[in-house]
Amino acid sequence: MNTTRDQRFQAEAQALGYSFDGEIRPGGHYVPLVRDGTTIYVAGQVPRVGDELVFKGSAGAERSLAEAQKAAQVCVMRILALLQRALGSLDEVKSIARMHVYVQSAAGFNQQTEVADGASGLIARVLGPEGAHARTSVGVFQLPKGATVEIDLIAIARH
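The structure contained in this document is the topic of the report that follows. For clarity, every value in this text was computed on a predicted model and none was experimentally measured.

## A word on unusual backbone geometry
- Notably, K145 is not glycine yet its phi reads approximately 60°, a positive angle.
- Following the sequence through the fold, K145 ends up in the loop between β6 (134–140) and β7 (149–157).
- On the basis of relative accessible area, K145 is assigned to the exposed category, the value being 66%.

## Let's talk about the pattern of salt bridges
- Applying the stated criterion across every chain yields a total of six salt bridges.
- Measuring nitrogen to oxygen at the nearest pair gives 3.4 Å for the salt bridge that ties R63 to E67.
- Taken together, the salt bridges that share partners define one network made up of E23, R25 and D51.

## So, a nonpolar patch on the surface
- Taken together, the side chains of V31, V34 and Y41 present a nonpolar region at the surface, about 260 Å² in accessible area.
- Summarising the element assignment, V31 is placed in the loop between α1 (5–16) and β1 (33–36).

## What to know about the environment of V76
- Within the secondary structure layout, V76 lies in helix α2 (residues 65–87).
- Of the residues examined, V76 reaches a relative accessible area of 1% and is grouped as buried.
- Put simply, V76 and V115 are 39 residues apart on the chain and 12 Å apart in space, counted from C-alpha to C-alpha.
- Residues in contact with V76, not counting those within four places in the same chain, are M99, A119, L122, I123 and I151.

## A word on the sheet that holds strand β5 (residues 93–104)
- One open sheet holds the five strands; their spatial order is β1-β2-β7-β5-β6, and the pairing between them is mixed. Strand pairing shows two members of the sheet lacking a second neighbour, β1 and β6, which therefore form its edges. Shown here is a sheet whose adjacent strand axes are inclined to one another by a mean of 10°, direction ignored.
- Note that strand β2 (residues 39–45) and β7 share five bridges and pair antiparallel. Among the inter-strand pairings, Y41 is bridged to a residue of β7, identified as I154.

## Re the packing of α1 against helix α3 (residues 112–127)
- Across the interface, α1 lies against α3 with an axial gap of 8 Å and an inter-helix angle of 140°. By the angle class used here, α1 and α3 are oblique. Within the contact between the two elements, α1 uses R5, R8, F9, E12 and L16 and α3 uses L122, R125, V126 and L127.
- The class makeup of the residues in the contact of α1 with α3 is five nonpolar, no polar and four charged.

## Some words on the environment of A81
- Position of A81 relative to the elements: it lies in helix α2.
- Remark: the alpha-carbon pair of A81 and G22, spanning 59 residues in sequence, is separated by 9.6 Å.
- Beyond its immediate sequence surroundings of up to four residues, A81 is in contact with F9, F20 and I24.

## Examining α1
- Spanning 12 residues, α1 covers 16 Å between terminal C-alpha atoms, matching the ideal 16 Å at 1.5 Å per step.
- All of the buried residues in α1 are R5, D6, R8, F9, E12, A13 and L16. Buried residues along α1 cover an arc of 160° about the axis, so they all sit on one side. Residues of α1 that are exposed and point over 90 degrees away from its buried face: Q14 and A15.
- Here the buried face of α1 lies against α2, β5 and α3.
- Just downstream of α1, G17 is the residue with a positive phi angle, here 85°.

Conventions adopted
- Residues numbered from 1 in each chain as written.
- Predicted model: local features only at pLDDT ≥ 70, side-chain atom pairs only at ≥ 80, totals over all residues.
- Heavy atoms only, no water.
- Helix = DSSP H or I, 4+ residues; strand = E, 2+ residues; numbered from the N terminus.
- Buried < 20%, exposed > 50% of the residue type's maximum accessible area, 1.4 Å probe, protein only.
- Salt bridge = Lys/Arg side-chain N within 4 Å of Asp/Glu carboxyl O.
- Patch = residues over 30% accessible without salt bridge, like charges linked within 9 Å, V, L, I, M, F, W, Y side chains within 5 Å.
- Areas by Shrake-Rupley, 256 points an atom, 1.4 Å probe, with all protein chains shown as cover.
- Contact = heavy atoms within 4.5 Å.
- Pairing = 2+ DSSP bridges.
- Axes fitted to C-alpha atoms, helices over the stretch in contact; angles between N-to-C directions.
- Parallel < 35°, antiparallel > 145°, perpendicular 65-115°, else oblique.
- Nonpolar A, V, L, I, M, F, W, Y, C, P; charged D, E, K, R; others polar.
- Expected span 1.5 Å × (residues − 1).
- Arc of directions from axis to C-beta.

Structure representation (structure tokens):
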């Protein structure tokens, strides 16, 4: 990989067909991330681009597995954009310690792990081996504003 993580981030954004350049605002009375030394806690992110929630509905009903995976990728891109802004560059991410993936799931939908793989794969493509992480993926009945996926994570900064 001869490109920087920031360049790979931009390539992933282009491949998804979305821009993550605008402000990433929280959806309530909280902050999008908290830093405690080198540990960074990123609040849950839904698949919102600008002011538009681009993936709503349950995986296995209104949304296919492929759409739910893309929703997870949008969530992770928001997280990476927040980390990039907080650290100045994604090259300053030492590791991703843990990720939680919540999937709004129709009755009988049991492919939460495959949905989460969409997010994990994108992190690996952008961050390389340092993007390896522990992960939990769960199916839930409902998410804020009807979002298909919500993801939060814990990152470790180099300094």
